[in-house]
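Okay, here's what each chain looks like letter by letter:
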Amino acid sequence: MADDTDEEMFEIELDSIERTLCAPTAIYDIQFDCTRGDCIVNITVTIDAENVTTLEIVPMGMSELNRSFAALAEQTKAWRIVPG
């Protein structure tokens, strides 16, 4: 039997990294698949290729994913319904 913490955890997988040339620069689109029970979230974060080395692409994508979800959680905090 899973505890409440396990039920709230997402499984996060790196789905893909795509480099796109956008004159005069390039971008990386980093896609993550996040699943938790019946909830499936596919999110793509975009970073400027000039700002990262090859070894930094995934960590920077993960950081941007964290920033995005933190902002989304804060923005939607009032939407939460707590069963009573």
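This text follows the structure it describes.
Definitions and limits used
Residues numbered from 1 in each chain as written. Predicted model: local features only at pLDDT ≥ 70, side-chain atom pairs only at ≥ 80, totals over all residues. Heavy atoms only, no water. Helix = DSSP H or I, 4+ residues; strand = E, 2+ residues; numbered from the N terminus. Rg over C-alpha atoms; globule rule 2.2 N^0.38 Å. Salt bridge = Lys/Arg side-chain N within 4 Å of Asp/Glu carboxyl O. Buried < 20%, exposed > 50% of the residue type's maximum accessible area, 1.4 Å probe, protein only. Pairing = 2+ DSSP bridges. Core = buried A, V, L, I, M, F, W, Y, C linked by side-chain atoms within 4.5 Å. Contact = heavy atoms within 4.5 Å. Axes fitted to C-alpha atoms, helices over the stretch in contact; angles between N-to-C directions.

**Re the overall build of the protein**
In step 1: Each helix and strand counted, the protein has two helices and three strands in total.
In step 2: Reading the helices (α) and strands (β) of the protein from amino to carboxyl end gives α-β-β-β-α.
In step 3: Here the C-alpha atoms of the protein give a radius of gyration of 16 Å, more than 25% beyond the 12 Å that 2.2 N^0.38 yields for 84 residues.
In step 4: Each principal axis of the C-alpha distribution contributes one length, and for the protein these read about 55 × 30 × 20 Å.

**A look at the pattern of salt bridges**
In step 1: Evaluation of the coordinates by the stated rule reveals two salt bridges.
In step 2: The salt bridge involving Arg67 is made with Glu64; its shortest N-O contact spans 3.0 Å. Of this pair, Arg67 and Glu64 both sit in helix α2 (residues 57-75), separated by three residues, roughly a single helical turn.
In step 3: Overall, Arg67 belongs to the exposed group, its relative accessible area being 54%.
In step 4: Put simply, Glu74 and Lys77 hold a salt bridge, and the shortest N to O gap is 3.1 Å.

**Things to note about the pairing of strand β2 (residues 25-36)**
In step 1: Bridge count between strand β1 (residues 11-22) and β2: eleven bridges; the pairing is antiparallel. Within the sheet, the bridge partner assigned to Glu11 lies in β2 and is Thr35.
In step 2: Here β1 folds back onto β2, and the loop between the two strands holds two residues.
In step 3: If you look at the hairpin formed by β2 and strand β3 (residues 39-48), you'll find two residues sitting between the two strands, and Gly37 has a positive phi there, around 60 degrees.

**Considerations on the nonpolar core**
Note that soluble globular proteins tend to have their nonpolar side chains buried in a common cluster.
In step 1: If you look at the biggest cluster of nonpolar residues, it comprises twelve residues: Ala26, Tyr28, Ile30, Phe32, Cys34, Ile43, Val45, Ile47, Ala49, Val52, Ile57 and Leu65.
In step 2: Looking at this core, the elements with two or more residues in it are β2, β3 and α2.
In step 3: In this structure, Cys34 is in contact with Phe10, Glu11, Ile12, Cys39, Ile40 and Val41, ignoring residues within four places of it in sequence.

**Things to note about the sheet that holds β1**
In step 1: Spatial ordering of the open sheet is given by β1-β2-β3, a layout of three strands whose pairing is antiparallel. The open sheet has two edge strands, β1 and β3, and neither has a second partner. Geometrically, the sheet is characterised by an average inter-axis angle of 20 degrees between neighbouring strands, direction not taken into account.
In step 2: Packed on one face of the sheet, α2 meets β1, β2 and β3 and runs near 120 degrees to β3.

Take it as geometry only, folks, not as evidence of what the structure does.
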